[in-house]
Structure formats: C-alpha cells, structure tokens
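This is what each chain is made of:
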Amino acid sequence: MAIVESLRCRECGRTFPVEALHVCDFCFGPLEVAYDYDAIAASISKASIAKGPPTIWRYVDLLPTATPSSIDLGAGFTPLVRAERLAAELGLGELYLKDDTRNPTGSFKDRVVSVALSKARELGFKVAACASTGNLANSVAAHAARAGMASIVFIPTDLERVKIATTAVFGGRLVAVKGNYDDVNRLCAELASEHTDWAFVNVNVRPYYSEGSKTLAFEVAEQLGWTVPDHVVVPIASGSQLTKIRKGFRELDLVGLVHEGDSVRISGAQADGCSPVTTAFEQGADHIVPVRPNTIAKSLAIGNPADGWYALEAVRSTGGALEKATDAEILEGIRLLARTEGIFAETAGGVTIACLAKLAQRGIVRKDERVVAYITGNGLKTVEALGDTAGPTDTIAATLEGFASTGYESFAEKARTR
Ligand SMILES: *Cc1c(COP(=O)(O)O)cnc(C)c1O
Ligand SMILES: [Zn+2]
C-alpha cells in the first residue's frame, strides 16, 4: 500500500488533498504527489519488490495507488540490454538500452497510463480521456478497454496511420483535431474544466500519470543489481518522463534501496524540428520559448512542453546536456540501433540514439561512464517514416541466374570474414 501524504505544489509547497487536482490554486504551479518516505522505508525491501509481479506494479509502494485497484496490461519490467556493438560504434564503454519498445501497446506510455487510470478508477471516474501525440491515445484506449471504462482521446489529424488504427481498434471515441498537438492540448484543457467527470490522464490526473515514469528509474536500478547508472539519456516531449526518472532515482535513495541516487547525470534528446528545451539550454535561458513543431518524431512534437522548465533544471543541476537531431539523423539513429543491436525503435528512439551519438562525440557522455539510453517506442508504429529506404536490397527473377546477378558471392565472402 502506497503511503501518499498529499499533492504538493512544486512552486510554493502548499499541500492539497489526494484528488483529481493538477494546479495550485494559489500560485498556478503544478502539483506533485508527496509521500511519507520514512514510512515507506520501514516497509519496502529488495525482497518485497522481487516478490511482486514482472510489471511496474512491483513498485506499488512508491506509486500513488493501491495494488487491488491496478489496471494491469503488463506494462513495464522491460529488458535492460547491454549494447556492446552500439557502444563500440559510438566510442562508449558500458552502455545499456532500456527497451521500452516491448510494452503492451509498444511505448513507455503504458507505464504512465496504467498508473493514471488505476488512480482515476480509484477516485470514481468512469471515463478516460487524453490529449495525445499518438502513443498516449493508443495506451489510454487499451487500458480503458481492459478496465471496462469508456474512453475519449484527442489526436492531431496528421498522426502516423498505425497509431490511429491501433487506437481505434479498442473501440473508444477517437477524435482527430485539425491542428497540432499544442492545439489539441489547449482544447483538452478547456474540455477538462467543462467535463469534470472525465479523467484526462495528462490534465486533471496528471500528477498521478507522471508518477508512472519513475518506474523507468526503479527498473534500471534493480536490473543493475540495485546500483544507479552514471549517466542516462532521455527523450523529451513534455519533459515529464525526464523529470520523473530523476525523482525515481532520488526516491530509491530516500528509502534506502540505492546509494547516490542523486548523482545520476541526466541528458535530454529532442528533435531538431521541435527543440524548445534544447534551445533554452544552449542559450543559457531560464525560460522556454514555445515553437511550432516540424519533425518526423511526432511522438515528441510538443512545442510548448508543460514540464520543459523542470526538465531543463534537472539536466543543468545534474551536469548533463541537451542535444537535438534532424530528420535525417533520426532515421540514421533508427538504422544504427537496428543494425547493431536488433532493436527496432520508432522515431523517438532514433532521436535518442542520434543525440547519444552527438553527446558521446562531444565528450559529454563519457567512455568511463555506465550509461543507459531510454528507447521509448516501437518502430512498427512509425514504419512510414522510413519511406523507401527500407525495401528489398535486390529484386530478381525466380531463377539461379537472377540470383547470381545480385553479386551474392561478395556478400557471402564478407559474412565469412566478419
Ligand atoms: C510521449 C513520449 C515521450 C516523451 O514523454 P514526455 O514525458 O512527454 O517527455 C518519449 N518517447 C515516446 C515514444 C513517447 O510517446
Ligand atoms: Zn503553489
């Protein structure tokens, strides 16, 4: 049972009851879940966690909801894979990939949605809603179906076709809005104040939603034998995930499960066509100027990121850095990851790998560090981004002569001498 004290304003520290609230009515700061860490420390242990299910719910003591109410499609506890071939290409040493392509609906969003809807149901909501760049809609529709809740999700019209189909199949309402994500989000903020009986996972129950991302830190620490990495690289859309990965490592330290949870360096990755946080970092600015997104990394296309400032602060205060990747670099990142490690990531993963490569080149991510890169979404959802570049290497007549024309002998020779 989680020991949740209150919701607390990140700006002024005022506390609020554990309800569907997300902004401080005093200073308009965002609210965050506050726990009684001493009480959690007294009950949590590595052994109690090991006895839990192979999902995010093994960390229920550090989540804002109770196990019996959890809506569980099996999100989380995804593989942490050592990436020796990719590390060699990038000139890095001990590199790991957190393979979140393997979640139930193919992205890390299953973590946040599983927590948000579990809490929403606990609070009595019967309708799940969200503003989405695609993966969130997909996950909300799936988890709502699983929970027997109604769902109504809002997406920009220009989404990848697979993300539309894999959302629609779950049978909820899927509303395509003529505009970009920031337009969708603005509309949903208005709708949320009108339809107070809808749980908008990233609006009125956002404090609970964002807690789900902490499991990305919990799992990595457990998978590294209850130690923390030196440096992590995290993609940024709203910035929530990056901020909560930091909170996750710190909490493990606070409850006595790891040492130096506060020393993890955090670097961020954005698409060049939507990089407001990276720009603020490069300019040494202390506020974020919204942009109009134009990138193939649609899942990261948030021009006015709600947690952008907190992500920037987390990167700065941990000694990390921020990078950005062009569309061409994103595609190269996807291919590099696929050809070296056998993992097919969506465009967001291409952003992470391309930015990791640049950070390594700049000497910011170092060879003597133990590094984790978060691969947050599955490539099957953004196949169209690869365009014509992912076709057959040869097309031949169904004859031996046809095959001979491919020059396969030099290929076979290369494979032998590898
Ligand atoms: C939403 C998303 C992100 C970023 O999440 P934020 O918490 O909004 O920064 C990263 N990768 C993928 C695949 C996503 O869908
Ligand atoms: Zn406040």
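The model shown is predicted, which means the values in this text are computed figures rather than measured ones.

S.K.: Help me out: how do you make sense of the coordination of the zinc ion (ligand 2) in this one?
M.R.: For a metal bound by four donors in tetrahedral geometry, the ideal donor-metal-donor angle is 109.5 degrees, whereas six donors in octahedral geometry ideally sit at 90 or 180 degrees. Only Cys9 (SG), Cys12 (SG), Cys24 (SG) and Cys27 (SG) from the protein coordinate the zinc ion (ligand 2), and they sit 2.2 to 2.4 Å from it. Residue Cys9 is classed as buried on the basis of its relative accessible area of 3%.

S.K.: I would appreciate a short explanation of the sheet that holds strand 4 (residues 80–82) in the present structure.
M.R.: Sheet strands pair via backbone hydrogen bonds, and the direction of the pair is either parallel or antiparallel. Reading across the sheet, the six strands line up as 4-5-13-10-11-12 and stay open at both edges, with mixed pairing between neighbours. Each edge of the open sheet is held by one strand with a lone partner, namely strand 4 and strand 12 (322–325). Each adjacent strand pair in this sheet contributes to an overall mean axis angle of 25°, direction not counted. Bridge count between strand 4 and strand 5 (residues 94–99): three bridges; the pairing is antiparallel. When the bridges of strand 5 are listed, Arg82 appears paired with Tyr96.

S.K.: Help me understand the side chain of Arg58 in this model?
M.R.: Turning to its location among the elements, Arg58 is positioned in the loop between helix 2 (46–50) and strand 4. Judged by its relative accessible area of 9%, Arg58 falls in the buried class. In this structure the side chain of Arg58 is engaged in a polar contact, spanning 3.4 Å, whose partner is the backbone oxygen of Gly52. Residues in contact with Arg58, not counting those within four places in the same chain, are Ile49, Ala50, Gly52, Pro53, Phe77 and Glu222.

S.K.: How do you make sense of unusual backbone geometry when you look at a structure like this?
M.R.: Backbone phi values are negative for most residues with the exception of glycine, while trans is the configuration of most peptide bonds. Phi is positive for Phe28, close to 65°, though the residue is something other than glycine. In this fold, Phe28 is placed in the loop between strand 2 (15–16) and strand 3 (31–35). Although it is not a glycine, Phe77 adopts a positive phi angle of roughly 50°. Residue placement: Phe77 occurs in the loop between helix 2 and strand 4.

S.K.: Teacher, can you tell me more about the domain arrangement of the protein here?
M.R.: Interfaces are often sized by the accessible area lost when the parts come together. Partitioning the protein into structural domains gives domain 1 (4–72 + 108–209) and domain 2 (80–106 + 212–389). In this assembly, 42 residues from domain 1 lie in contact with 44 residues from domain 2. Put simply, domain 1 and domain 2 have eight salt bridges between them. Across the pair Arg111 and Asp100 runs a salt bridge whose closest N-O atoms are separated by 2.7 Å. Joining domain 1 to domain 2, the criterion identifies 26 residue pairs in polar contact (both at pLDDT 80 or more). Of the residues contributing to the side of domain 1 that touches domain 2, the split by class is 22 nonpolar, seven polar and 13 charged.

S.K.: Help me understand the site of ligand 1, please; the structure alone is not making it clear to me.
M.R.: Neighbouring residues of ligand 1: 16 residues in total, closest Lys109, Asn135, Ser238, Gln241 and Thr376. Here an oxygen atom of ligand 1 and a side-chain polar atom of Lys109 are 2.8 Å apart. At 2.8 Å from an oxygen atom of ligand 1 is found a main-chain nitrogen or oxygen belonging to Gln241. For ligand 1, whose unbound accessible area comes to 380 Å², protein coverage reaches 98%. Structurally, the shell around ligand 1 is a two-domain feature, drawing no fewer than three residues from each of domain 1 (4–72 + 108–209) and domain 2 (80–106 + 212–389).

S.K.: Would you take a moment to explain the pattern of salt bridges for this structure?
M.R.: Once the charged atoms of two side chains with opposite charge are near each other, the side chains can pair. Going through the model one piece at a time under the given rule, you end up with 30 salt bridges. Here Glu346 and Lys163 are joined by a salt bridge, their closest N and O atoms 3.5 Å apart. Placement of the pair is Glu346 in the loop between helix 13 (327–341) and helix 14 (347–361) and Lys163 in helix 6 (residues 161–168), with a sequence separation of 183 residues. Each of the two residues, Glu346 as well as Lys163, counts as buried. Measuring nitrogen to oxygen at the nearest pair gives 3.8 Å for the salt bridge that ties Arg339 to Glu332.

S.K.: Looking at this model, I keep getting lost on the pairing of strand 13 (residues 370–375). Mind explaining?
M.R.: Remark: a regular strand shows side chains that alternate across the two faces of the sheet. Among the six residues in strand 13, six count as buried, and that is most of the element. Along strand 13, one buried face is formed by Arg370, Val372 and Tyr374 and the opposite face, lined by Val371, Ala373 and Ile375, is buried too. Sheet analysis places strand 5 next to strand 13, joined by six bridges and oriented parallel. What sits directly across from Lys98, in strand 13, is Tyr374. Bridge analysis of strand 10 (residues 231–235) against strand 13 gives three bridges, and the strand direction is parallel. Across the sheet, the residue bridging to Val233 is Ala373, located in strand 13.

S.K.: Sorry, what's going on with the nonpolar core here?
M.R.: A general tendency of soluble globular proteins is for nonpolar side chains to be buried together. With 70 residues, the main nonpolar core has Val201, Val232, Phe249 and Tyr374 as its most contacted residues. Formed jointly, this core draws a minimum of three residues from each of two domains, domain 1 (4–72 + 108–209) and domain 2 (80–106 + 212–389). Non-local contacts of Phe249, meaning those with residues more than four positions away in its chain, are made with Ala217, Val220, Val228, Pro229, Val232, Val258, Gly261, Val264 and Tyr374. Counting residues in hydrophobic clusters, the runner-up holds 29 residues, among them Ala129, Phe154, Leu191 and Leu331.

S.K.: What should I look at first to understand the packing of aromatic side chains in this one?
M.R.: The relation between two aromatic rings is expressed through the spacing of the ring centres and the mutual angle of the planes. A full pass over the atoms with the stated rule returns five aromatic pairs. An angle of 35° between the planes, with centres 5.9 Å apart, marks the rings of Tyr35 and Tyr37 as tilted. Residue Tyr35 shares its accessibility class with Tyr37, and that shared class is buried. Where Trp198 meets Phe200, the ring centres are 6.0 Å apart and the plane angle is 40°; that geometry is what we call tilted. Residue classification places Trp198 among the buried residues on the basis of a relative accessible area of 15%. Judged by relative accessible area, Phe200 falls into the buried class, the value being 0%. What links up through ring pairs into an aromatic cluster is the set Phe154, Trp198 and Phe200.

Analysis parameters
Residues numbered from 1 in each chain as written. Chains lettered and ligands numbered in written order. Predicted model: local features only at pLDDT ≥ 70, side-chain atom pairs only at ≥ 80, totals over all residues. Heavy atoms only, no water. Donors = N, O, S within 2.8 Å, 3.2 Å for Na, K, Ca; no water. Buried < 20%, exposed > 50% of the residue type's maximum accessible area, 1.4 Å probe, protein only. Pairing = 2+ DSSP bridges. Helix = DSSP H or I, 4+ residues; strand = E, 2+ residues; numbered from the N terminus. Axes fitted to C-alpha atoms, helices over the stretch in contact; angles between N-to-C directions. Polar contact = N/O pair within 3.5 Å; in protein donor to acceptor, adjacent residues only side chain to side chain. Contact = heavy atoms within 4.5 Å. Domains from an automatic or database assignment. Salt bridge = Lys/Arg side-chain N within 4 Å of Asp/Glu carboxyl O. Nonpolar A, V, L, I, M, F, W, Y, C, P; charged D, E, K, R; others polar. Near = heavy atom within 4 Å. Areas by Shrake-Rupley, 256 points an atom, 1.4 Å probe, with all protein chains shown as cover. Core = buried A, V, L, I, M, F, W, Y, C linked by side-chain atoms within 4.5 Å. Phe/Tyr/Trp six-rings, centres within 6.5 Å; stacked < 30°, edge-to-face > 60°.

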